[in-house]
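Structure assessment
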Amino acid sequence: MNKGDRIRSALISVYHKEGLTPIVEKLHELGVTIYSTGGTQAFIEKAGIPVVPVEELTSYPSILGGRVKTLHPKVFGGILGRRELEGDVAQLEEFEIPPIDLVIVDLYPFEATVAAGADHASIIEQIDIGGIALIRAASKNYKDVVIVPSREHYPALQELLDKGQGRATLDQRRSLASAGFAVSSHYDSAIHTWLAGDNAQLRLSAGPPNVLRYGENPHQKAAFHGDLEALFTQLNGKELSYNNLLDLDAAMGLIDDMATLPGVPFAVIKHNNACGAAIRPTLLEAWTAALAGDPVSAFGGILVTSATIDAATAEAIDAIFFEIIVAPGFSEEALATLRRKKNRIILQRKTSERLPRNVRSVLNGVLVQDQDTKLVRGKEMQPATKLVPAIERFNDLTLANILVKHTKSNAIVLVKDGQLLASGTGQTSRVDALQQAIEKARKFDFDLKGAIMASDAFFPFPDCVELAAEAGIDLVVQPGGSVRDQESIDACNKLGIAMVITGHRHFKH
């Protein structure tokens, strides 16, 4: 296909038929010969558009229950034949193979079938063979063929047909060919991952890049690969940045865990850590308590809740500067209030879906691990001391364990009455983290008498227990596991402090 040539023939084989009708109507209007088979052929015929069955082209029927339909030299010869090579053209003429200028494919929904929990045999039947082969062949020969590798690319084809009247530039064909190999690569990766299970090689395929303004710092280039529109509807504000996305990821994980407790949760995130968090009977009360945890650090933070933002809470929130607010809904009055600042990012959350694994580049490779979804609740924690916490404190124990799980290590959090009083984050020693938390709590005039101290990992020495007792803390939750656990337990018994063990560490780096 030369630059001025228009599409004269098309092969169409798609699973999803939505959006196909205007395309085949336009192809018919342009005088394009359409080849198809099976359900796609029936769909086109029902639309009243002439279509040539592939079986008529190949003189061979669909066999093996539809497993073999388009896998034939008369199909692939027409796609792979190089129009500028006399030898290829002569062979096409010799074997009466018509050149095919356009290939439209939409693959069997393999990933959706796996996600739906289908049985093994059903999943196997959703591994597309002919469609993948068509995509790869047409993409390889993009100099002469236009490939449309999925229904997501129907709009690009429609524009090409409407504006170009069936003519495609080399850049357009190359772009679609690139998309074709992206589709086939992603599809094969999904099949490999399913078949190999825990032994699967790492295959990263997360969609086209959404180029960001910059990375963590202005001198770093960055992009996000994923579908943010599936997670959020942006109602106001500027584009999300690299750091915004990191904070959002931290915010979603924290609020989802907090939402498992009774009451209304609210959290303020800064540099991936909660600087304020609380659970209260009402949203306004939750916001007020969360902000009180550290009103200084809340400046420029990320606000998140699992409740719909009402007018009263929006007015209170509007009084401070923040980057982003995320909630499942906003009242009309609340939205009008929050939109007063044009750059303020307002996100309405659609789903809690998250990737099951965490991937991180390290040295000359990558680390892959399961997401930390473990959550030990207060009633499940094992008492280690003579004093045992009252049932009424189980929710606070759970909240403390949630907050320390979502805080950078070494981490200590202090919780009381459904509120984060303070935290020590990212310290090189646990006692430093505790000292940081106590100092911060006192800075904001919190009374630590009767507070809970949670640690993300075990105490190697009793010094943290001793320091906590001096501050008035009377209940400790920690994972345990140190060969010197008994020293901390003995210190608790001596100082009149209760300690419970979760059995699960929550390092976060």
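Our subject is the structure that appears above.
Just so it is clear, the structure is predicted and the values come from calculations on it, not from any experiment.

Judged by how many residues are buried, strand β17 (residues 412–416) sits mostly within the fold: five of five residues are covered. Direction of pairing for β17 relative to strand β18 (residues 419–424): antiparallel, over a ladder of five bridges. For V413, the partnering residue across the bridge sits in β18 and is S423. What sits between β17 and β18 in their antiparallel hairpin is a turn of two residues, with D417 showing a positive phi close to 50°. Inspection of the sheet shows β17 paired to strand β19 (residues 452–455) by four bridges, in the antiparallel sense. Bridge pairing in β19 places V415 opposite I452.

Looking now at the state of the cysteines. Under the criterion given, the structure shown has zero disulfides. C492 takes part in no disulfide bond, and the closest cysteine sulfur, belonging to C464, lies 11 Å away. Overall, C492 belongs to the buried group, its relative accessible area being 0%.

On to the sheet that holds strand β4 (residues 102–106), then. As summarised here, the arrangement of the five strands in space is β3-β2-β1-β4-β5, forming an open sheet in which the pairing is parallel. Every interior strand has two partners, whereas the edge strands, β3 (52–53) and β5 (146–148), have only one.

One pass over the structure, following the stated rule, counts five aromatic pairs. Consider the rings of F266 and W287, whose centres lie 5.3 Å apart with planes at 55°: the pair is tilted. You can see F266 sitting in strand β9 (residues 264–270) and its partner W287 sitting in helix α12 (residues 283–292), a full 21 residues away along the chain. Among the aromatic side chains, those forming a connected cluster through ring pairs are F110, Y187 and W194.

Each value, and the rule that gives it
In this numbering scheme, every chain counts its residues from 1 along its sequence in written order. Where totals are concerned, whole chains, interfaces and linings use all residues; where local detail is concerned, this predicted model gives features only for residues with pLDDT of at least 70, and gives and counts side-chain atom pairs only at 80 or more. Side-chain numbers here rest on the full set of heavy atoms in the structure, without hydrogens or water. Relative accessibility decides the category of a residue: with a 1.4 Å probe and only protein chains considered, values under 20% of the type maximum give buried, values over 50% give exposed, and everything between is partly exposed. Strands are runs of DSSP state E lasting at least two residues, helices are runs of H or I lasting at least four, and both sets are numbered from the N terminus onward. Only strands that DSSP links by at least two bridges are regarded as paired with each other. By definition, disulfides here are pairs of cysteine sulfur atoms that lie within 2.5 Å. Any two rings among Phe, Tyr and Trp, with Trp reduced to its six-membered ring, count as a pair given centres within 6.5 Å; such a pair is stacked if its planes are under 30 degrees apart, edge-to-face if over 60, and tilted if neither.

Read these as layout, nothing more, since geometry by itself doesn't imply function.
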